[in-house]
Amino acid sequence: MQFVDLAKQLEAIRGTVEKRIKTVLDHGNFILGPEIKELEKKLAAFAGVKHCISCSSGTDAILLPLMANNVGPGHAIFTTPFTFIATAEVISLLGATPVYVDIDPDTFNIDPAKLRQAIQDIKNNKKPTPQFPDGLLPKGIIAVDLFGLPADYDAINAIAREHALFVIEDAAQSFGGMYKGKMAGNLADAAATSFFPAKPLGCYGDGGAVLTNNDSLADVVESLRVHGKGQHKYDNIRIGINGRLDTIQAAILLAKLEVFGKELEQRQEVAARYSEGLKNAVKVPHVPPGYKSAWAQYSVVSERKKELMTRLQSAGIPTAVYYPRPLHLQTAFSSLGYTEGSMAVSEKASDTIFSLPMHPYLSTQDQDRIIDCIIK
Ligand SMILES: *Cc1c(COP(=O)(O)O)cnc(C)c1O
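Overview of the structure. For clarity, every value in this text was computed on a predicted model and none was experimentally measured.

Between its terminal C-alpha atoms helix H1 (residues 6–27) stretches only 27 Å, short of the 32 Å expected from 22 residues at 1.5 Å a residue. Considering bend angle alone, the principal kink of H1 is centred on Ile13 and spans about 75°. Looking at H1, one finds that the buried residues are Gln9, Ile13, Val17, Arg20 and Val24. The inward-facing, buried residues of H1 contact helix H2 (34–47) and helix H8 (247–278). Taking the backbone nitrogen of Ala7 as reference, a side-chain oxygen 3.4 Å away marks Asp5 as the first, capping residue of H1. Gly28 occupies a position one or two residues after H1 and carries a positive phi of about 75°.

Time to look at the site of the ligand. Among the 16 residues in the neighbourhood of the ligand, the closest are listed as Gly58, Thr59, Gln173, Ser194 and Lys199. Gly58 places a main-chain nitrogen or oxygen 2.7 Å from an oxygen atom of the ligand. In this structure, an oxygen atom belonging to the ligand sits 2.7 Å away from a side-chain N or O atom of Ser194. Considered on its own, the ligand offers 380 Å² of accessible surface; in the complex 93% of this is hidden by protein.

In any sheet, the strands associate via hydrogen bonds between backbone groups, in a parallel or an antiparallel arrangement. Read across the open sheet, the three strands follow the order E7-E6-E10; overall the sheet is antiparallel. Edge positions in the open sheet fall to strand E7 (182–183) and strand E10 (291–292), since each of these has one partner strand only. Direction of pairing for strand E6 (residues 178–179) relative to E7: antiparallel, over a ladder of two bridges. Across the sheet, residue Tyr179 finds its bridge partner in E7, namely Lys182.

Conventions we followed
- Residues numbered from 1 in each chain as written.
- Predicted model: local features only at pLDDT ≥ 70, side-chain atom pairs only at ≥ 80, totals over all residues.
- Heavy atoms only, no water.
- Helix = DSSP H or I, 4+ residues; strand = E, 2+ residues; numbered from the N terminus.
- Expected span 1.5 Å × (residues − 1).
- Bend = angle between axes of the 7 residues up to and from the residue.
- Buried < 20%, exposed > 50% of the residue type's maximum accessible area, 1.4 Å probe, protein only.
- Contact = heavy atoms within 4.5 Å.
- Polar contact = N/O pair within 3.5 Å; in protein donor to acceptor, adjacent residues only side chain to side chain.
- Near = heavy atom within 4 Å.
- Areas by Shrake-Rupley, 256 points an atom, 1.4 Å probe, with all protein chains shown as cover.
- Pairing = 2+ DSSP bridges.

Any functional reading would require information that these geometric values do not contain.
Okay, structure coming up:
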């Protein structure tokens with residue numbers, strides 16, 4: 001049994017994937033070929049946003065809108081510690097400071113009440129350092145849609161407006177999810193998604209996209225993606241990166257997009273079967289009314305996590321832990337000075353959470369074997 005079964009997916013779509021790749025080989029436009037624009041148009045339509053700018057990874061898809069907002073030294077960017085390193089490393093990469101805000105224990109996403117408090121604390125200048133004696137300037141928020149479930153954007157966007165901050169939606173796991181009638185990718189000033197192979201919509205390499213309704217932000221991101229280009233490639237008007245998506249990866253994504261809607265429904269069915277079967281054995285994922293998860297991961301909480309994971313492993317059932325150590329306790333961020341206990345909800349989640357096999361092609365037989373093993 002696979003945790004994410006990409007081979008089964010390929011079996012179902014190999015014909016279209018090979019045809020799409022062959023077209024790219026035949027036309028030979030490997031960089032920014034016609035599939036790039038076609039994909040961007042289709043992704044924008046899918047998410048209901050005005051602009052989609054594809055790029056080289058989900059990480060760059062967060063980096064680019066930060067760069068477009070001129071984030072740099074002395075800026076505080078508020079985010080969750082219960083996420084993948086990429087969400088926060090790009091903040092530090094630009095010389096800005098991640099300010100961690102603990103999560104809601106039921107959704108595992110950033111807690112709006114704690115976000116409001118964290119912004120106020122920075123504004124009250126509680127963290128002056130030798131480098132920034134006047135304290136940090138609150139500049140933006142990166143909310144993460146963990147496991148595919150959107151964060152609470154009505155609350156987050158309202159807090160951002162009060163303090164004139166921008167909001168980036170890290171939708172690396174949530175493309176295809178929904179929040180109060182809007183698609184993930186359309187919930188903040190800009191969104192970043194990832195096409196890493198194991199994500200709900202994955203390619204066969206690295207890839208990502210920035211989504212936004214803001215015309216000028218889209219222009220700047222498009223320029224930053226190609227070395228800060230102006231009128232043409234050799235007219236450079238700002239410092240950018242080499243952040244393009246390969247044409248071949250766009251071709252693969254176009255093939256996968258054809259079945260993506262159906263796959264999202266299959267993920268819903270897998271999640272529903274798990275929740276029905278496991279609701280009395282472990283804490284199953286909470287999806288608040290008006291939300292729809294893209295089910296990148298199906299994660300459960302149990303005080304008996306270690307025992308359960310060992311039993312599942314002996315039965316040949318793979319599991320994974322997202323995330324075994326929250327970012328505020330990672331060595332890479334030790335200079336920020338957080339200590340154990342400072343983000344209690346995230347720390348507790350790290351200790352008690354684990355994820356079960358989740359993909360659209362998981363058979364009901366395999367699922368029932370997983371459920372039975374946990375209940376036993
Ligand atoms: C995967 C992921 C990223 C980074 O995406 P890459 O394409 O691997 O660079 C960022 N944030 C979250 C929450 C992710 O899960």
